Amino acid sequence: MNHRHLVDIASLGAPTLRHILGLSTATPQPLLDGKGAALIFEKPSNRTRHSMEMAVVQLGGHPVYTRGEEIGFDVRETVEDITKIMAGYHAVLAARVFSHSVIERMVACDVVPVVNMLSDASHPLQALADIITMEEHCGPINTLTVAWLGDYNNVARSLAEAVCLLGGTISLGCPEDYNASQEEWARLMALGGSVRQSTDPMKAVEGAHVVHTDTWISMGQEAEAAERREIFSQYCVNDAVMANALPGAKFMHCMPAHRGEEVSAEVFDGASSLVIEQGHHRLTAARGALSWVQGA
Ligand code: CP
Ligand code: NVA
């Protein structure tokens, strides 16, 4: 590859992941001075759009926000044509897509750095922010047990990869058929750290320093909403769940959140919640990711 691409966390490896985390918290350098950054969104966003736009500005560049339907991946023209044309205008292309294969096809062109801003498979920018937040508030990842309750989705997958790569323990508490498959379990174990899994949410949070969750209904899964609310109904992070984690355990959520579904209002808005700090660290993480793909 001629360019650095941020597709997922696992493919970075631990030393590069640590390097990006270091860049994130370092003073921003003008690495995008006079350059463009295309931010393409096939799905809605608050945190990702705003943190990426402001990170581009802080690195001296100019962000160009574009809705997916305007450029029409494989509708108006092919992913490859879009990527090759935009590479002439921008120093980085970042995309939030329904299908991870779109990111992979952009990367395969290898004409400009590509950043995954969320796909069905992963959300690496979120995992960077999650690690920065946990290390700031709870200690080094290799000393932590990080619980995840709910759907083993894009956010969970990236978080698990990051925790494993950095030598921590990830404890998954997900319903049957919504947890990590045997194959996925083996893939995580090969990254390092350790992996626990239980369908019992109370068991999954035992010994946890941090309890994470996310929506039960990810963008694009709206047709399954009623079924999913039923399947996940026992996985709400409430006071009883938090009381079964370690004393002083923290709560985290990538947001948007749904009080009364995956988390109770008491926990989400309570003293153990790091959700606002976590959301703010999306900007910290975006600076690191953009700096790294620019060669820092
Ligand atoms: N957590 C996250 O990615 O939020 P947005 O969907 O608002 O970008
Ligand atoms: N799992 C969620 C994350 C949103 C930031 C989704 O994909 O919609």
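Residues numbered from 1 in each chain as written. Chains lettered and ligands numbered in written order. Predicted model: local features only at pLDDT ≥ 70, side-chain atom pairs only at ≥ 80, totals over all residues. Heavy atoms only, no water.

Draft legend 1. Representation of the UniProt feature "domain: Aspartate/ornithine carbamoyltransferase carbamoyl-P binding" (unreviewed entry) in the protein chain in the model. The positions that UniProt labels "domain: Aspartate/ornithine carbamoyltransferase carbamoyl-P binding" (unreviewed entry) are, in the present scheme, residues 4-136. Helix makes up 44% of residues 4-136 and strand makes up 15%, while its end C-alpha atoms are separated by 27 Å. (UniProt positions renumbered as here; feature names shortened; annotations may be inferred. Helix = DSSP H or I, 4+ residues; strand = E, 2+ residues; numbered from the N terminus.)

Draft legend 2. The sheet that holds strand E4 (residues 114-116), seen in detail. On the basis of which strands lie adjacent, the open sheet formed by four strands has the order E2-E1-E3-E4 and parallel pairing. Two strands close off the open sheet at either side, each with one partner strand: strand E2 (62-67) and E4. Strand-to-strand twist across the sheet, computed as the mean angle between neighbouring axes with direction ignored, equals 20 degrees. Relative to E2, strand E1 (residues 36-41) runs parallel, the two being bridged by six bridges. Along E2, the bridge assignment pairs Leu39 with Tyr65. Helix-sheet contacts for helix H5 (residues 100-109) involve strand E3 (92-96) and E4, and the interaxial angle to E4 is about 165 degrees. (Pairing = 2+ DSSP bridges. Axes fitted to C-alpha atoms, helices over the stretch in contact; angles between N-to-C directions. Contact = heavy atoms within 4.5 Å.)

Draft legend 3. Layout of the site of ligand 1. Looking at ligand 1, the residues that line it are Ser45, Asn46, Arg47, Thr48, Arg96, His123, Gln126, Cys254, Met255 and Arg282. Between ligand 1 and Thr48, the relevant distance is 2.7 Å, taken from an oxygen atom to a side-chain nitrogen or oxygen of the residue. A distance of 3.0 Å separates an oxygen atom of ligand 1 from a polar side-chain atom of Arg282. For ligand 1, the protein covers 96% of the area, taking 260 Å² as the surface of the free molecule. The cavity where ligand 1 resides is the largest pocket. For the shell around ligand 1, a count of residues per class yields two nonpolar, five polar and three charged. (Near = heavy atom within 4 Å. Polar contact = N/O pair within 3.5 Å; in protein donor to acceptor, adjacent residues only side chain to side chain. Areas by Shrake-Rupley, 256 points an atom, 1.4 Å probe, with all protein chains shown as cover. 1 Å grid on protein atoms, 1.4 Å probe; cavity = no way out; pocket = protein on both sides within 12 Å on 5 of 7 lines; lining within 4 Å. Sits in = over half its atoms within 2 Å of the grid points. Nonpolar A, V, L, I, M, F, W, Y, C, P; charged D, E, K, R; others polar.)

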